[in-house]
Amino acid sequence: MAEKVNNFPPLPKFIPLKPCFYQNFADEIPIDYQSLVKRIYHVWIFYCITLVVNIIACLAWWIGGGYGVNFGLAILWLILFSPCGYVCWFRPAYKAFRSDSSFNFMAFFFIFGAQFILTLLQAIGFSNWGACGWLAAITFFSTSAAAAVFMLFPAIMFTMSAVAMLISITRVHKIYRGAGGSFQKAQDEWNSGTWRNPPTREAQYSNFSGNSLPEYPTVPNYPPGNQWP
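From a predicted model like this one, the values you see are computed outputs, not experimental measurements.

Asks: Explain the side chain of serine 168 here, please?
Replies: Within the secondary structure, serine 168 is located in helix H6 (residues 145–178). The class of serine 168 is buried, set by a relative accessible area of 2%. When near neighbours in sequence (up to four residues on either side) are disregarded, serine 168 contacts Ile40, Val43 and Phe112.

Quick look at the structure:
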């Protein structure tokens, strides 16, 4: 089997850094779940784009008479949540479906659930949170209508992100529970240490093939005539 070379994130050759992860949906994810895992990946991408749009809106908010702390926090959220979202909730989902790992399923549920709640709060848009949500945008119309219009874009996008996250976690939970998954299985993986590097489904299958199977002669050697014992 050819060695798998890390290919994500795809970095330009002039950057003296190498990709940290190997990601190949067709190669590692069962075909029945590829569309769902890709959808979770697209949710992460859309959320990152939303954070970028939020920075622009927070800048307009600041120029229109708002507080500069929102602009600073918006930059911090982009720097923090873009890589953390990929590592902390997309990768657990990817590894869960790749290896049928209960521990990674549980990690995804807890962390992605927290991300959903945070995105919901960002969509609401409390003041001085660094997020242009509905509350911040609507109340700012009386101060600067032009800035408030810019602030509506991330409010809509945060809302769409929250809805997509809710649909994704509901679908994953339905599949996991339907397959007999439980918190006890996640604990067993933790106690055995297999959560650190869970084998792929292909590797699990290969454990029951090859030299591990008993070998029998192709043609049985029966005694001739009536010479049975």
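Asks: Would you mind showing me how to read the packing of aromatic side chains here?
Replies: The description of an aromatic ring pair uses the distance of the two centres, along with the angle that the planes make with each other. One pass over the full model with this rule turns up 25 aromatic pairs. Ring centres of tryptophan 77 and phenylalanine 81 lie 5.5 Å apart, and the angle between their planes is 35°; this geometry places the pair in the tilted category. With tryptophan 77 and phenylalanine 81 both in helix H3 (residues 68–99), this residue pair falls four residues apart, about one helical turn. Residue tryptophan 77 shares its accessibility class with phenylalanine 81, and that shared class is buried. Aromatic pair tyrosine 86 and phenylalanine 90: ring centres 5.2 Å apart, planes at 40°, arrangement tilted. A residue pair is termed a helical-turn pair when its members lie 3 or 4 positions apart in one helix, as tyrosine 86 and phenylalanine 90 do in helix H3 at four residues. The same class applies to tyrosine 86 and to phenylalanine 90, which are both buried. By the ring-pair criterion, three or more aromatic residues cluster together here, those being Phe8, Phe21, Phe25, Tyr41, Trp44, Tyr86, Phe90 and Tyr94.

Asks: Help me understand the pattern of salt bridges, please; the structure alone is not making it clear to me.
Replies: When charged atoms on two side chains of opposite charge get close, those side chains can pair. Here the structure, examined in full by the defined rule, presents three salt bridges. Residue glutamate 28 is joined to lysine 4 by a salt bridge in which the shortest nitrogen-to-oxygen separation is 3.2 Å. Of this pair, glutamate 28 sits in helix H1 (residues 25–28) while lysine 4 sits in the segment before H1, and the two are 24 residues apart along the sequence. Given the relative accessible area of 33%, lysine 4 is considered partly exposed. For glutamate 28, the salt bridge identified is with arginine 98, shortest N-O distance 4.0 Å. Residue glutamate 28 is found in helix H1, and its partner arginine 98 is found in helix H3; the two are separated by 70 residues along the sequence. Across the pair, arginine 98 and glutamate 28 agree in class, each one buried. Each member of the salt-bridge network shares a partner with another, and the members are Lys4, Asp27, Glu28 and Arg98.

Asks: Whenever I open this one, unusual backbone geometry confuses me. Can you help?
Replies: Glycine aside, the phi torsion of most residues is negative, and most peptide linkages are trans. With omega at 0°, the peptide bond leading from phenylalanine 8 into proline 9 counts as cis. Checked against the element boundaries, proline 9 lands in the segment before H1. Phi at asparagine 128 takes a positive value of approximately 65°, unusual for a residue other than glycine. Topologically, asparagine 128 is positioned in the loop between helix H4 (102–124) and helix H5 (134–140).

Asks: Would you explain the packing of helix H2 (residues 34–63) against H6 in this entry?
Replies: Between two packed helices, both the angle of their axes relative to each other and the distance between the axes serve to describe the pair. At a minimum axis separation of 9 Å, H2 and H6 run at an interaxial angle of 160°. In terms of orientation, H2 lies roughly antiparallel with respect to H6. As for the relative orientation of H2 and H6, their crossing is left-handed in sense. For the contact of H2 with H6, the per-class residue count stands at 23 nonpolar, four polar and two charged.

Each value, and the rule that gives it
The residue count restarts for each chain, going from 1 along the sequence in the order it is written. Where local features are concerned, this predicted model is filtered to residues with pLDDT of at least 70; where side-chain atom pairs are given and counted, the filter is 80 or more; whole-chain, interface and lining totals use all residues. Heavy atoms throughout the structure, all of them, feed into the side-chain values; hydrogens and water do not. Numbering of helices and strands starts at the N terminus; helices are DSSP runs of H or I of at least 4 residues and strands are runs of E of at least 2. Three labels apply to residues, based on accessible area from a 1.4 Å probe with only protein chains included: buried if under 20% of the type maximum, exposed if over 50%, partly exposed otherwise in between. Should any heavy atoms of two residues lie within 4.5 Å, those residues are considered in contact. Two rings from Phe, Tyr or Trp (for Trp, the six-membered ring) form a pair when their centres are within 6.5 Å of each other. A pair whose planes differ by under 30 degrees is stacked, one over 60 is edge-to-face, and the rest are tilted. Any Lys or Arg side-chain nitrogen found within 4 Å of a carboxyl oxygen on Asp or Glu counts as a salt bridge. Orientation is described by lines fitted to C-alpha atoms, with helices fitted over the stretch in contact, and by angles between N-to-C directions that extend from 0 to 180 degrees. Our angle categories are set so that under 35 degrees counts as roughly parallel, over 145 as roughly antiparallel, 65 to 115 as roughly perpendicular, and the remainder as oblique. The crossing is said to be left-handed when, going from far helix to near helix, the turn is anticlockwise and less than a right angle, and right-handed when the turn is clockwise. Charged residues are taken to be Asp, Glu, Lys and Arg, nonpolar residues to be Ala, Val, Leu, Ile, Met, Phe, Trp, Tyr, Cys and Pro, and polar residues to be all remaining types, Gly included.

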